[in-house]
Amino acid sequence: MTISKPLILICATPIYGHVMPIRAIGKELVARGYDVTFVTGSIYKKRIESIGAKLIALEGIADIAEETLKDERESIPAGPAQFAFDMENYFVNPIPAQHFALQRALKILGEQHPGQRIVMLNESSYMGSIPCLLGAPGIRPTASIAIGIIPIFLRSKDTASFGPGMLPDDSFKGRARNAAMNKAMEENILVKPDQRFKEILAELGVKDSAPFFMDSPYVTGDCFLQMCIPSMEYSRSDQPPTLHFAGGLPKGLRDPLVVFPNWWSDITQDKTKKVVAVSQGTLKLNYTELIIPTMHALKDHSDVIVVVALGRRGATLPKGTVVPENARVVDFIPFDDLLPYCAAFITNGGYGSFQHGISNGVPMVFAGATEDKPEVAARAEWAGVAINLRTGRPTAEQVQGAVDEIFNNSKYKARSLELEEESKRYVAMDILESTIQDVAVTKP
């Protein structure tokens, strides 16, 4: 059975690392003939409209930006306190404003396209989609698909609680540990954001009991598509039947490099040198934490070129920073242009970096301590493609030791190539489009 293409409504948390993967999905859906509307931050208006989609901007406390986060979180130490702060302030408290923006978008689409089916694609940490899915008064989409572009944080008897980056353990002893950690997370560390979550749902008219807030994106919609290959994520024997893997986004969907650095031939033509890339992502940009230690660690390696990606256009290293002779610095560079030439990739642990490393078959070194970075690093270690330094501030000696291990132990490259091949077997956009058609047909 074939039906006309439904309208697509994409909701995304207005943080660069959340918006850009979803934007890539929207770009391809537009190319495939879908009418696509985004609900996300106002600062992404040009980026959204440039792919042929429309934007209905978030307002009020939901319309956050990276600089806002940086300023507000500076005084809170990394770890459980910052994790709980983030969950309450950036994921739970914006729910009403996100919900109202979603309702506004559904109303506009309904008026512009009477009777047309609407499939909502909600990025998994955009929790403003949860109220209407749990029965809050208002307009509901025809169907909903949650899109996972961060590690799965659904609780399981086989995994430790999300946050500290502990490896999974499904043994009898391990499951006892997991149960104790999950209980402590729900009843102590995250009790305040969970209570606020349930208060907000009640205020918005949800009458039924609600799941634990971190589980809710996985159990409230028609389908949850995790945008990675299975080998990148922990196995869960108790995962819901709605959870599926779509594979990572193919390289062709990401914006390519247009203007190449003047040193580009150094890494593309000189086969006598190993290229090591290092990045701290786009949010945590204190270059003394990882980038400067990496340059210092590898400055005497005459057979290595270190490519430093500063993560944001116009960014510069702190004044007075000594750049070694074997380092090349660039403000921003797409990883899919850079990583095919790299022998190793040093990252502070963003999920997008992890995906880029996998899709390019590059062994990695992880050094992250904030947000979901310990969890990403643990998954990379578990998958066998990376060394996890378990710190966000490694010493030069730690970085050098990790890079030497990557170079000298062939198991990391071999495993990276295995996962690169696995990723080629998943055509993520075909899987997503098939899922869109399935839920649009099956829902009345």
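In case you missed it, the structure is sitting above this.
Criteria and thresholds
- Residues numbered from 1 in each chain as written.
- Predicted model: local features only at pLDDT ≥ 70, side-chain atom pairs only at ≥ 80, totals over all residues.
- Heavy atoms only, no water.
- 1 Å grid on protein atoms, 1.4 Å probe; cavity = no way out; pocket = protein on both sides within 12 Å on 5 of 7 lines; lining within 4 Å.
- Points joined across faces, edges and corners; volume = space filled by probe spheres on them.
- Nonpolar A, V, L, I, M, F, W, Y, C, P; charged D, E, K, R; others polar.
- Pairing = 2+ DSSP bridges.
- Helix = DSSP H or I, 4+ residues; strand = E, 2+ residues; numbered from the N terminus.
- Axes fitted to C-alpha atoms, helices over the stretch in contact; angles between N-to-C directions.
- Contact = heavy atoms within 4.5 Å.
- Buried < 20%, exposed > 50% of the residue type's maximum accessible area, 1.4 Å probe, protein only.
- Phe/Tyr/Trp six-rings, centres within 6.5 Å; stacked < 30°, edge-to-face > 60°.

As a further point, take empty space enclosed by the protein. Counted under the stated rule, the structure contains two cavities of 30 Å³ or more. Estimates place the volume of the largest cavity at around 90 Å³. Classifying every residue of the lining of the largest cavity gives seven nonpolar, three polar and four charged. Lining the second largest cavity, in full, are Phe153, Arg155, Ser161, Phe162, Asn182, Met185, Phe212 and Met214. Taken together, the residues of the lining of the second largest cavity break down into five nonpolar, two polar and one charged.

A few words on the sheet that holds strand 13 (residues 386-388). Spatial strand order, 10-9-8-11-12-13: six strands in an open sheet with parallel pairing. At either end of the open sheet lies a strand with only one pairing partner, and these are strand 10 (327-330) and strand 13. Averaged over neighbouring strand pairs, the angle between their axes works out to 15° when direction is ignored. Of the strand pairs in this sheet, strand 8 (residues 274-279) and strand 11 (residues 344-347) are connected by four bridges, and their pairing is parallel. Paired with valine 276 across the bridge in strand 11 is alanine 344. Strand contacts of helix 11 (residues 291-298): strand 8, strand 9 (304-309), strand 10 and strand 11, with the helix running at about 170° to strand 9, the strand carrying the most contacts.

Glancing now at the pairing of strand 4 (residues 118-123). Buried residues dominate strand 4, accounting for six of its six residues. Across the two faces of strand 4 the burial is the same, with Ile118, Met120 and Asn122 and Val119, Leu121 and Glu123 all buried. Where strand 1 (residues 7-11) meets strand 4, five bridges bridge the pair, whose relative direction is parallel. Considered in strand 4, the bridge of isoleucine 8 is made with valine 119. As defined by bridge partners, strand 4 adjoins strand 5 (residues 143-148) across five bridges and the pair is classed as parallel. Its bridge partner lying in strand 5, asparagine 122 is registered against alanine 146.

With respect to the secondary-structure elements, leucine 29 resides in helix 1 (residues 16-31). Note on leucine 29: relative accessible area 0%, which makes it buried. Expressed as a C-alpha distance, the spacing of leucine 29 and isoleucine 51, which sit 22 residues apart in the sequence, is 9.8 Å. Among residues more than four places away in sequence, those in contact with leucine 29 are Ile8, Tyr34, Val36, Leu121, Met429 and Ile436.

Following the criterion strictly, the structure yields 14 aromatic pairs and no others. Measuring from ring centre to ring centre gives 5.8 Å for phenylalanine 153 and phenylalanine 162, while their planes differ by 70°; the resulting arrangement is edge-to-face. With relative accessibility at 10%, the residue phenylalanine 162 sits in the buried group. Between the aromatic rings of phenylalanine 153 and tyrosine 218, the centroid separation amounts to 5.2 Å while the plane-to-plane angle is 85°, which identifies the pairing as edge-to-face.

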